[in-house]
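What follows is each chain in one-letter form.
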Amino acid sequence: KNGVGGGGGQMRLRDDECFGADMDEGMDTDFDFEANLALFDKAAVFSQIDGTDCNGARSRGT
Amino acid sequence: EINLMEELTLKGITQYYAYVTERQKVHCLNTLFSRLQINQSIIFCNSTQRVELLAKKITQLGYSCFYIHAKMMQEYRNRVFHDFRNGLCRNLVCTDLFTRGIDIQAVNVVINFDFPKNAETYLHRIGRSGRFGHLGLAINLITSEDRFNLKSIEDQLVTDIKPIPGSIDKNLYVAEFQSANLDCEVE
């Protein structure tokens, strides 16, 4: 199993990101579904998951 | 143990995903609210804390919602759920409380604000008992971290969750638009 447990601090960080004050910006415009979907090629990601046991942290694109 | 997964079906449910970051989730949800024709919706989060935070946000955005989670007294939970079932509120935010799937016909949209970690949970959230010829929409907000769970859930349930299209056909989930089609299919 993948060791996810014990990430209390990380969970809080996620909650802050998700519900913090700065996510309110741009709420008056529509969310751009299409532009975001373009960032995720499901078929490619899935075949990558199939092909690699050690999931590389490469796909972050930072 | 009883295998509840066999009782539930994804038949009739159109499943889509939207690709988001944590920061975009509320914005995405807000746009879904404005675009979809929701009769009643259930929105799932993966923690009690997030249910409360999201319910607060939804209220701030000007939508009505109830919320229930596992840390609430059972009696109170029952009451809120009963009121929701009776149509007193359009949206319900909750954690995984339903062990037999959602059995409310008025619910035509289910949103996984947080994507579940396993197939059984997914099926309990989205699946229907199959007694009704019930159509509905399931929208999954997917982050990069969810990709592994997305794949394993699709594989296990042998289903395909598709990218959300620019506009969603109301025939797929709005009752008024369905009746004509169902008339044709039933008998």
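The sections below set out a description of the structure shown in this document.

Conventions and cut-offs
Residues numbered from 1 in each chain as written. Chains lettered and ligands numbered in written order. Predicted model: local features only at pLDDT ≥ 70, side-chain atom pairs only at ≥ 80, totals over all residues. Heavy atoms only, no water. Helix = DSSP H or I, 4+ residues; strand = E, 2+ residues; numbered from the N terminus. Buried < 20%, exposed > 50% of the residue type's maximum accessible area, 1.4 Å probe, protein only. Contact = heavy atoms within 4.5 Å. Areas by Shrake-Rupley, 256 points an atom, 1.4 Å probe, with all protein chains shown as cover. Core = buried A, V, L, I, M, F, W, Y, C linked by side-chain atoms within 4.5 Å. Salt bridge = Lys/Arg side-chain N within 4 Å of Asp/Glu carboxyl O. Pairing = 2+ DSSP bridges. Axes fitted to C-alpha atoms, helices over the stretch in contact; angles between N-to-C directions. Buried area = accessible area lost by both parts, 1.4 Å probe.

Section: the overall build of chain B
Next up, step 1: A tally of helices and strands in chain B yields six helices and seven strands.
Next up, step 2: Taken across its 187 residues, chain B has 52% of its residues classed as buried.
Next up, step 3: Taking as baseline every contact in chain B between residues at least 6 positions apart, the subset at least 24 positions apart corresponds to 78%.
Next up, step 4: Carbon together with sulfur atoms contributes 49% to the accessible area of chain B, which is approximately 9,000 Å² in total.

Side note on the nonpolar core
Next up, step 1: The biggest cluster of nonpolar side chains holds 67 residues, and the ones touching the most others in it are Leu54(B), Phe113(B) and Ile139(B).
Next up, step 2: With near-sequence residues (within four places) excluded, Phe113(B) lies in contact with Cys18(A), Phe19(A), Lys25(B), Val26(B), Leu29(B), Ile43(B), Phe44(B), Cys45(B), Arg50(B), Leu54(B) and Leu141(B).

Some words on the pattern of salt bridges
Next up, step 1: Tallied over the entire structure, the rule returns 13 salt bridges over all chains.
Next up, step 2: For the salt bridge of Arg14(A) with Glu22(B), the shortest nitrogen-to-oxygen distance reads 3.3 Å. Highlighted residues: Arg14(A) in helix α1 (residues 8-19) and Glu22(B) in the loop between β1 (13-19) and α1 (25-35), drawn from two different chains.
Next up, step 3: The exposure class of Glu22(B) is buried, given its relative accessible area of 8%.
Next up, step 4: In this structure, the salt-bridge partner of Asp30(A) is Arg35(B), at a minimum N-O distance of 3.2 Å. Residue Asp30(A) is located in the loop between α1 and α2 (33-37), and its partner Arg35(B) is located in helix α1; the two belong to separate chains.
Next up, step 5: Residue classification places Asp30(A) among the partly exposed residues on the basis of a relative accessible area of 44%.

Let's talk about unusual backbone geometry
Comment: phi is negative for the bulk of residues other than glycine, and the bulk of peptide bonds are trans.
All names here are of chain B.
Next up, step 1: In the Ramachandran plot, valine 158 falls in the positive-phi region, its phi being about 45° despite a non-glycine side chain.
Next up, step 2: Looking at where valine 158 falls in the secondary structure, it is placed in the loop between α5 (147-157) and β7 (162-163).
Next up, step 3: Given the relative accessible area of 73%, valine 158 is considered exposed.

Digging into the pairing of strand β5 (residues 107-112) of chain B
Residues and elements named next belong to chain B.
Next up, step 1: The buried fraction of β5 amounts to six of the six residues, a majority that puts the element mostly inside the structure.
Next up, step 2: Sheet topology note: the strand β2 (residues 40-44)/β5 ladder contains five bridges and is parallel. Along β5, the bridge assignment pairs isoleucine 42 with valine 110.
Next up, step 3: Pairing geometry for β5 and strand β6 (residues 136-142), over four bridges, is parallel. The partner of asparagine 112 across the bridge, within β6, is asparagine 140.

Quick look at the pairing of β2(B)
Along any regular strand, the residues point their side chains to alternate faces of the sheet.
Residues and elements named next belong to chain B.
Next up, step 1: For β2, the buried fraction is high: five of the five residues fall into the buried class.
Next up, step 2: Neither face of β2 is left uncovered, since the one carrying Gln40, Ile42 and Phe44 and the one carrying Ser41 and Ile43 both have all their residues buried.
Next up, step 3: Taken together, the four bridges between β2 and strand β4 (residues 91-94) define a ladder with parallel strand orientation. The partner of isoleucine 42 across the bridge, within β4, is leucine 92.

Comments concerning the sheet that holds β6(B)
Residues and elements named next belong to chain B.
Next up, step 1: Ordered by their spatial adjacency, seven strands build an open sheet running β3-β4-β2-β5-β6-β1-β7, and the pairing between neighbours is parallel. Whereas interior strands pair on both sides, the edge strands pair on one side only; in this sheet they are β3 (65-68) and β7.
Next up, step 2: Along the sheet, helix α2 (residues 48-60) makes contact with β2, β3 and β4, crossing β3 at roughly 175°.

Brief notes about the interface of chain A and chain B
Next up, step 1: Each partner contributes residues to the interface: chain A has 27 residues there, and chain B has 33 residues.
Next up, step 2: Taken as a group, Phe19(A), Phe31(A) and Phe33(A) account for 23% of the area that chain A buries against chain B, more than any other trio of residues on that side.
Next up, step 3: Seen at the junction of chain A and chain B, the total is six salt bridges.
Next up, step 4: Elements that contribute at least two residues to the side of chain A that touches chain B include exactly α1, α2 and α3 (42-51) of chain A.

Topic: the side chain of Thr143(B)
Residues and elements named next belong to chain B.
Next up, step 1: Relative to the helices and strands, threonine 143 is located in the loop between β6 and α5.
Next up, step 2: Classification of threonine 143 by relative accessible area gives buried; the value is 9%.
Next up, step 3: Leave out the neighbours within four places in its chain, and threonine 143 touches Tyr19, Val20, Thr21, Glu22 and Lys25.

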